[in-house]
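For reference, the chains in residue letters:
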Amino acid sequence: MKESSKFIRTQTQRSSQREHSVPLYLTSSFMFDDAEHGRAMFTEEVQGNIYSRYSNPNTSEFIQKVCDSEGAEAGLAFSSGMAAVFASFAGLLKSGDHIVAFRSIFGSTHQLFTQLLPRWGITTTYVDASKPEDFEKALRPETKMVFLETPSNPGLELVDLEWLGGLKKKHNFILNVDNCFATPYLQKPIEYGADLVSHSSTKYMDGQGRVLGGVVVGRQDLIKEMMFFIRHTGPAMSAFNAWIFSKSLETLPVRMDRHCSNALSVAEALEQHEDVEVVRYPFLPSHPQYELAKRQMKQGGGVVTFILKGGMERAMRFLDALEMISLSSNLGDTRTIATHPVSTTHSKLTDDERAQIGIFPGSIRVSVGLEDVNDIVKDLTTALDRSK
Ligand SMILES: *Cc1c(COP(=O)(O)O)cnc(C)c1O
């Protein structure tokens, strides 16, 4: 099957209404045919839906589509991206276990590593993506998991998945990749040896800024172990959100093509502007990991990060001078969004921690939307000129 067709999965089960699109199953529980059926469902001799905290036809459809597109054996859906990321740690690790993580990661994931997981005796060592030679030094006998984002938010640093997949053959760890920025349409970490892939489906999977959700897919045995955690702690995705996500996935390839071509044009235009110090975009030849990006990703993604001359004050003036582009902390929407990481998403980090992952007072993250690219570029360049 061709790549983009995998996102549009033919529905195999229909009700007597012969619907073309999967209906919304707003039901908290499912009935047993008789007492014996209920018993057999609970011992898992018979498979099926019992209760929507465990599974629901809408969440199952969504999970199946993500598994098909990532090339995964099994998966679980969550109420948010952070619930998914957290479950991939809490469902598999125990006190005394160690994680090696690449430093450039989502703000809340950083809070998990530094503030929350240590409460339960799970520790993390950071490695810089720019110094992969430090990676093996960070591994310990108790290292159970390696976690990373590629490209990272918002620095757009990449980690070489093929290299890491090779190291996995030598060391025994669970390779857990947050593939939120790339989506399975642009990059498939499982092909390189990742054991788990997580997503905030809030971003490109919905792509229309409507609902929160998360998903983890990967090795059957790991997903089964995580299932125990989610069944008994309850971070499951709602049927309504799953129904939205399933439909949204059908347009993911079309949307990503447009996000990526718009983002590349925006990156090229910003690079020409005299008040822009640096532009980061994986598919710009000036990106330090351009060759890797070309190898590992089909296109460069929908996010462009740049550093404005004039620091924090200029950045604030620039944001206020935008007219069409929204100010929001979200990304992966149809509409273009500009974010100032230092004062919002990464405000909890120290200056030092931010500098280590390439965030400076003049940094702006642009989640490039689906508008006409000329309108996006014009809004950005006009705001640059007005905020001098
Ligand atoms: C947004 C995001 C998350 C968290 O997802 P939520 O749905 O907001 O909980 C995790 N990782 C990355 C890379 C993200 O961009």
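Definitions and limits used
Residues numbered from 1 in each chain as written. Predicted model: local features only at pLDDT ≥ 70, side-chain atom pairs only at ≥ 80, totals over all residues. Heavy atoms only, no water. Axes fitted to C-alpha atoms, helices over the stretch in contact; angles between N-to-C directions. Helix = DSSP H or I, 4+ residues; strand = E, 2+ residues; numbered from the N terminus. Parallel < 35°, antiparallel > 145°, perpendicular 65-115°, else oblique. Left-handed = near helix turned anticlockwise from the far one by under 90°. Contact = heavy atoms within 4.5 Å. Phe/Tyr/Trp six-rings, centres within 6.5 Å; stacked < 30°, edge-to-face > 60°. Domains from an automatic or database assignment. Buried area = accessible area lost by both parts, 1.4 Å probe. Salt bridge = Lys/Arg side-chain N within 4 Å of Asp/Glu carboxyl O. Polar contact = N/O pair within 3.5 Å; in protein donor to acceptor, adjacent residues only side chain to side chain. Nonpolar A, V, L, I, M, F, W, Y, C, P; charged D, E, K, R; others polar. Near = heavy atom within 4 Å. Areas by Shrake-Rupley, 256 points an atom, 1.4 Å probe, with all protein chains shown as cover.

Peer 1: Tell me about the packing of helix 12 (residues 311–321) against helix 14 (residues 373–386), and name the residues and values.
Peer 2: At a minimum axis distance of 8 Å, the contact between helix 12 and helix 14 shows a crossing angle of 130 degrees. Classed by the angle they form, the pair helix 12 and helix 14 counts as oblique. Here helix 12 and helix 14 pass one another in a crossing that is right-handed. Contacts from Arg314, Phe318 and Ala321 of helix 12 reach helix 14 at Leu380, Ala383, Leu384 and Arg386.

Peer 1: Give me the lowdown on the packing of aromatic side chains, citing residues and values where you can.
Peer 2: This model, assessed by the stated rule, comprises 15 aromatic pairs. Plain terms: the ring middles of Phe102 and Phe135 are 5.7 Å apart, the flat faces sit at 10 degrees to each other, and that makes the pair stacked. Of the two residues, Phe102 is situated in strand 2 (residues 98–102) and Phe135 in helix 5 (residues 135–138); the sequence distance between them amounts to 33 residues. Aromatic rings pair up to connect Phe89, Phe113, Tyr126 and Phe147 into one cluster.

Peer 1: Talk me through the domain arrangement of the protein chain; I want residue IDs and the actual numbers.
Peer 2: With domains assigned, the protein chain is organised as domain 1 (3–249) and domain 2 (253–386). Counting residues at the interface gives 38 residues for domain 1 and 39 residues for domain 2. Taking both sides of the interface into account, the surface hidden between domain 1 and domain 2 amounts to around 3300 Å²; carbon and sulfur atoms contribute 57%. Broken down residue by residue, the surface that domain 1 buries against domain 2 is led by Leu158, Leu186 and Tyr204, which jointly contribute 23%. Applying the counting rule to domain 1 against domain 2 returns 1 salt bridge. As a salt-bridge pair, Arg295 and Asp160 come within 3.2 Å of each other at their nearest N and O atoms. Taken together, the connections running from domain 1 to domain 2 amount to 16 residue pairs in polar contact (both at pLDDT 80 or more). Contributing elements (two or more residues each) for the side of domain 1 that touches domain 2: helix 4 (107–116), helix 6 (161–168), helix 7 (183–186) and helix 9 (239–249). Here the residues of the side of domain 1 that touches domain 2 sort into 16 nonpolar, 15 polar and 7 charged.

Peer 1: Kindly report on the site of the ligand, identifying the contributing residues and their values.
Peer 2: Residues in close proximity to the ligand total 13 residues, the closest being Gly81, Asp178, Ser200, Thr202 and Lys203. Between the ligand and Gly81, the relevant distance is 2.8 Å, taken from an oxygen atom to a main-chain nitrogen or oxygen of the residue. In the environment of the ligand, an oxygen atom lies 2.6 Å from a nitrogen or oxygen atom belonging to the side chain of Thr202. Protein burial of the ligand: of its 370 Å² of free accessible surface, 91% is covered by the chains. In the shell around the ligand, the residues fall into 4 nonpolar, 6 polar and 3 charged.

Peer 1: Explain the environment of Ser265 to me, and be specific about the residues and the numbers.
Peer 2: As for its placement among the helices and strands, Ser265 is situated in helix 10 (residues 252–271). For the pair Ser265 and Val373, spaced 108 residues apart in the sequence, the C-alpha separation amounts to 7.3 Å. Beyond its immediate stretch of four places on either side in the chain, Ser265 contacts Val373 and Val377.

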